[in-house]
Every structure is written in C-alpha cells, then in structure tokens.
Amino acid sequence: MRFFRRHGPGWYLKLFGLALVDGIVVAVIPSLLEQGATVALVSMVLATAGINYIFFSERAYPLRWLVPGLLFLFLFMLWPIVYTVVVALTNWSTGNFITQPQAVEQITTSTRFLVESDRSPIADMFFFSDPDQTDELDPMAGLFMLLSTEEGDLYYGPPRLRDDPIPVESVLIDLDTLDTVDENEDGVPEVIEGRPKLRLIDIGTITPVLDQLTMDIPELGQARARTFSSAVIAEQRFSYDAGRDVLVDALAGDICEPVEGSFYCPDESGELQRIDPGWRTFIGFDNFIDIVGDSRVRGPFMRIFLWNVIFAVSVVIIQLIIGLGLAMTFEDDRMRGRGFYRSLLIIPWAAPGFIVVIVWRGLLNPSFGQVNNALEMRWLADLSNSTWPRWIAAALLAALIYFFGRIAANGIRGKRWGPVVASSLVTIGTAWILCKLRGSGFAYRDVNIPWVQPQGDWFWSKIAIIFVTVWQGFPYFFLISTGALQAIPTELKEAARVDGASPAQVFRKVTFPLLMVGIAPLIIASFAFNFNAFVNIFLLTAGGPAVQGYSVPFGETDILISFVFDLAVQGGRGGQFALAAAFTFFIFFIVATISAISFRFTKRLETIYGNL
C-alpha cells in the first residue's frame, strides 16, 4: 500500500503509456524477424529500451522533456535525410525494387521463364467430364485433366487456359480422397467421382481450346497439352546456384552472372541480356558520377538548372518591384480607401495555391481560355462597327484621357515621377484606343497563344509560369515592404530632403538600403521557395513541352524539383528512385550555396546600415 500511495495518478498514466508502446514493439518483432529487417529491429528495440530508461530513471529526469522533440526531429528531418542517402547509393529503380532472394524466387518460379525443350518430360493426358455439366458454348465446363508421368505419378485437377491468371493456390486434387473406378487395373481410372474418361471421339468437343489447355503442377512445372493424349511438362529455364551466386540457363547451358543488381545471360550472338527482375544493391557513388560525367544526364541537368535560376530570380525581382511599388503608393496619406485596396491585394496570396493554379490553367487555355479571348478584343471589333455605343465609348475615353492627363500634369509640377510615368502610359494607351475607335475601327483577329499546351511553344509556357507565380506572390512582398517602410524613421528621409536630395535620391540612398536590411532574409527565403515551386509547374504545364533525345525524361519548363519528380514517379520510363535521390543532394547544395552567399551579403547590409 505504501508503494501505491507514493506514486500519483500521473505515474500510472506514464506506466500505461510505456506498457502500450512496449506491447506494440513486442508485437512487431516477429514480423521484422520474418522479413529479415535486422537494422529496423535493433533500432526499435534500442530506442524502446532507452525510452523506458529515461522515463523510469531519476538520473535521466531532464531528458524526458527533450526526448519527444528529439524523436520528432529524427523522424521528420534526420530519418528522411538518412533514407535519401541510402537510396542515392543504391540502384533502386523500377527494375531493381525488391531484394535478391525475392528476385531469384521470381525468376526461378515465374511462368514467364517456363520453356519447352527436347529434354522436357512427356506425360500421358486424359480428360474427364460430367455429361450433365457439358456446355457447347463453354468446352471447359465440368472438364478435368489427369496426367500420368513416366515415374507413375498421377496429377488430377481442372485445367486452365494459358492466358488465364495463375491461381494463387494449387487446384490439384488428391485421387486417394476421391471415388475412382479402375476396371482394367492399369493405374489410370476410367471414372473419377462419377465423371467418365472421355474417348478420343469425345475429345473433339474441346478441340478449339486443346492447344491452350494448361495445368500447373507445383515443383514440377506446367503441363501443356501437345496432342489429344499427351502433354509436355514446361520446366523452369533458370535455376539458382547459391554456392556460386549465379543462374544456370537450362535451355542454353550458360551461366548468368550478377552485375550491379541484375543477372545477365549471353544470347546467341554473345551479347549479355538482362534478366528481369533485378534487385536493389549498393553501387556507391555511381549515380552522382552519372550526373557529373554522363553527358546524357548532365546536359538536361544543366539546362534545367539554368532555367530554374532564371525562373526563381525573375519571379522574385518582379514580385519585389510590384510589391514595393504598391507599398510605396499606398504609403501616401493622401490616398483614400487604402485599407480597402490593401485587402483586395491580399486575395491572390490568401487564396489556396492549388485552386488558384487550376483556375489560371483554365484561363490560359489556348482554345477557350479567357486570356486569349480578351486579347482577341472581339468586343472592340463589335463596338467599332456600332453607332451610338461607339460614340458613348468615345466620350468616356476622352474623359479618361483628360483625367489621367491632369494627374500627369500635377505629377510634373510636384516632381512625383512615378505617377507621371504611370499616368502618361495610361493616357497614351487610351488615346490610341480612341483613335482606332474613331478611325478605321478594330478588326477581329484569332489569338491562339499556346500558354499551357504540353506540346506547345516553350516560350509562352515559360511566360505563363512566371506570370502566374508572380501573381500569386506579389502580395507577400507588398506586405513585408509595407511593414519595412513603416519601420524606417521619417527623420532620415526629411534630413535627406533638407540636404537637397531628390525623391529618387532619397529612395536610392536612404529608403532602399534600409528596406533591404529588413526584407533581404525574406527575399532569400522567397527565392528558395520559388526555386522549388513544384505545384505551379506540375499543374500548369506538367513540365512540358517534352524534350526528346536524352536518357532521362524532362521538359522545357521543368525545374529541378519537377524533374526529380518525373524521374521518380512519372517519367514514362520507370521510376529511377536512386538517381532522383542523388539529384536532391545537388538541389540542396545549390540552394544552400546561394542562400549562404545571400545571407553574407545581408550581413554586410546590417553592418553598414543597421546602426542608422
């Protein structure tokens, strides 16, 4: 009783949890032993023993607060890295996915390697059928086959067609358990379970399927009907010699040597032919050497890497320009409704990225997408052929020209060159539309820009990906730029203006350097994010248009992460998991190197401007 009084409810709850964990581990141990997973078994047992020690030992009391975090760190960070390293050092691919014992078992037992030769044994074949179950449309209805080998062994059961699936369990029936009648005592019954043996004239009813009849005999082979009364026993072509670790080809008498996870047998011309399936095995740094040394792999990698850098850099720069420009625009206190406009600008970033990309894929569809329809400007062609709507539109356009012209004029007087440039561009564009509308009018033209077609123009596909990614991410830069601008002391700007600096000089010498101190790390993080923008590539273009003539599958718009996905999952040539794992290391080192250089530049900015 003293023991039970000393420990509170928490101790018993802990005891119950540990007992549950220990019970699960004990239940899993037999399965791991059966599968031969020694590393997993030892790791699990040691980890369980360590957890029990930590939670029951008073000395290890501080560790019980660290163990959960360390455990999740190992499971979700360290273990994927270790597993990727292991995979990259193997030949793991579609043809080399299983272990060597599993591969040997499939090769030496699969019906794919059953062969008939001059040495194949011949067995007498007899058919039995119940007259009441005979069906003219189905010759195999109620049909049974009896085989008698030269050794006198009898095998009885229902046959199947060669193209039918192989049954999981044996269909053979033990004759000793059946009621048989052998009148002439020759060892072959005339009647089995009331089914009489078919005469030669009766076998004609199964002639259409006779050459396709097969019966599987475990540890012997596959009996295939050859004539009306005999069958040949198809034997396994390959047998495994465990002592020499080779396959013996019974058909040609050759030896098949194992090479990097596969058996290779010489053909009639002496060339080595691979025997599938292979198995996964350790090949060292061969995958890394192929990436660097094989031009058929290195070429696609360099092309994809160059486009990946161009894509990530251009997206980040354009997002920064748009976001910073909008932030500086809305920083002006004279603008009304700033909160409403800022709320609207958050929508592209707040919307689910997956759904947004799918919507843009529909808008950019070359055939019926709204983007191409808008560029065709059918409404302008219809408007230019009308009368009163045309005059109304002309009046509205003239009013817009006057309005934006006034904005440009006020900007010139106030030396605010940003509004001047923007208003001038809008004024010029509106004036051009007005001239066309009042002059010859607009002509309808077909616009079939292949934005997202898998076999379209690679240039427009890349433009579409950059455009959609910029549209998704510029609100993020708008937000961080807004916060960073508000954190810059206004006294510094006022001091620069007092010293005679122009607005452009204030921005270039004061605002932008101080802004970069705060947002430079976020720009680096955005670059790393866009460098691996898999969803946009996958949903918009699927990496296409495809590039032919290389040993690895890739497309013009593939970035490194989508290229690795194609290698591992849907390259059309089987999953090259080990090579994909090796590529992930290059991606990691590339991103890490660029980030390290960028952070060093950021540190310089902090050193120079951080104390201002």
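In the block above lies the structure referred to throughout.
As a starting point, this report considers the structure included with it. Given the structure is predicted, the values throughout are model-derived calculations rather than measurements.

Each value, and the rule that gives it
Residues numbered from 1 in each chain as written. Predicted model: local features only at pLDDT ≥ 70, side-chain atom pairs only at ≥ 80, totals over all residues. Heavy atoms only, no water. Salt bridge = Lys/Arg side-chain N within 4 Å of Asp/Glu carboxyl O. Helix = DSSP H or I, 4+ residues; strand = E, 2+ residues; numbered from the N terminus. Buried < 20%, exposed > 50% of the residue type's maximum accessible area, 1.4 Å probe, protein only. Pairing = 2+ DSSP bridges. Phe/Tyr/Trp six-rings, centres within 6.5 Å; stacked < 30°, edge-to-face > 60°. Axes fitted to C-alpha atoms, helices over the stretch in contact; angles between N-to-C directions. Contact = heavy atoms within 4.5 Å.

Structural notes on the pattern of salt bridges
Right, on to step 1. Enumeration according to the criterion identifies eight salt bridges in this entry.
Right, on to step 2. The shortest N-O distance in the salt bridge between D216 and R160 comes to 2.7 Å. Within this pair, whereas D216 is found in strand β9 (residues 213-217), its partner R160 is found in strand β5 (residues 160-161), the two being separated by 56 residues in sequence.
Right, on to step 3. For R160, a relative accessible area of 9% puts it in the buried group.
Right, on to step 4. For R303, the salt bridge is made with E556, and the minimal N-O distance between the two is 3.2 Å. Separated by 253 residues along the polypeptide, R303 in helix α8 (residues 295-330) and E556 in the loop between β18 (554-555) and α19 (560-570) bring together distant segments of the chain.
Right, on to step 5. Exposure remark for R303: the relative accessible area of 37% places this residue in the partly exposed category.

A few points about the pairing of strand β3 (residues 143-148)
Right, on to step 1. Burial analysis of β3 places six of its six residues in the buried class, the great majority of the element.
Right, on to step 2. Burial of the side chains of β3 extends over both faces: L143, M145 and L147 are buried on one face and F144, L146 and S148 on the other.
Right, on to step 3. With six bridges connecting them, strand β2 (residues 122-129) and β3 associate as antiparallel partners. Of the residues in β3, the one forming a bridge with F128 is F144.
Right, on to step 4. Across four bridges, β3 lies against strand β4 (residues 154-157) in antiparallel orientation. Among the inter-strand pairings, L147 is bridged to a residue of β4, identified as Y155.
Right, on to step 5. The hairpin formed by β3 and β4 contains five residues between the paired strands, and G152 there has a positive phi angle of roughly 90 degrees.

Considering the packing of aromatic side chains
Right, on to step 1. A full pass over the atoms with the stated rule returns 36 aromatic pairs.
Right, on to step 2. Taking 6.3 Å as the distance between ring centres and 85 degrees as the angle between the ring planes, the aromatic pair formed by W458 and F459 counts as edge-to-face.
Right, on to step 3. The class of F459 is partly exposed, set by a relative accessible area of 41%.
Right, on to step 4. Consider the rings of F527 and F531, whose centres lie 5.6 Å apart with planes at 45 degrees: the pair is tilted. Linking F527 with F531, this pair stays in helix α17 (residues 503-531), spanning four residues, or about one helical turn.

Details of the sheet that holds strand β13 (residues 246-249)
Strand-to-strand pairing in sheets goes through backbone hydrogen bonds, with the strands running parallel or antiparallel.
Right, on to step 1. Read across the sheet, five strands follow the order β12-β13-β14-β15-β16 without closing on themselves; strand pairing throughout is antiparallel. Edge positions in the sheet fall to β12 (238-241) and β16 (272-275), since each of these pairs with one other strand and no more. Geometrically, the sheet is characterised by an average inter-axis angle of 30 degrees between neighbouring strands, direction not taken into account.
Right, on to step 2. Of the pairings in the sheet, the one linking strand β15 (residues 263-266) to β16 comprises four bridges and is antiparallel in character. Counterpart to P266 in the pairing with β16 is L272.
Right, on to step 3. Packing of helix α5 (residues 100-109) onto the sheet brings it into contact with β12, β13, β15 and β16, and relative to β12 it is tilted by some 145 degrees.

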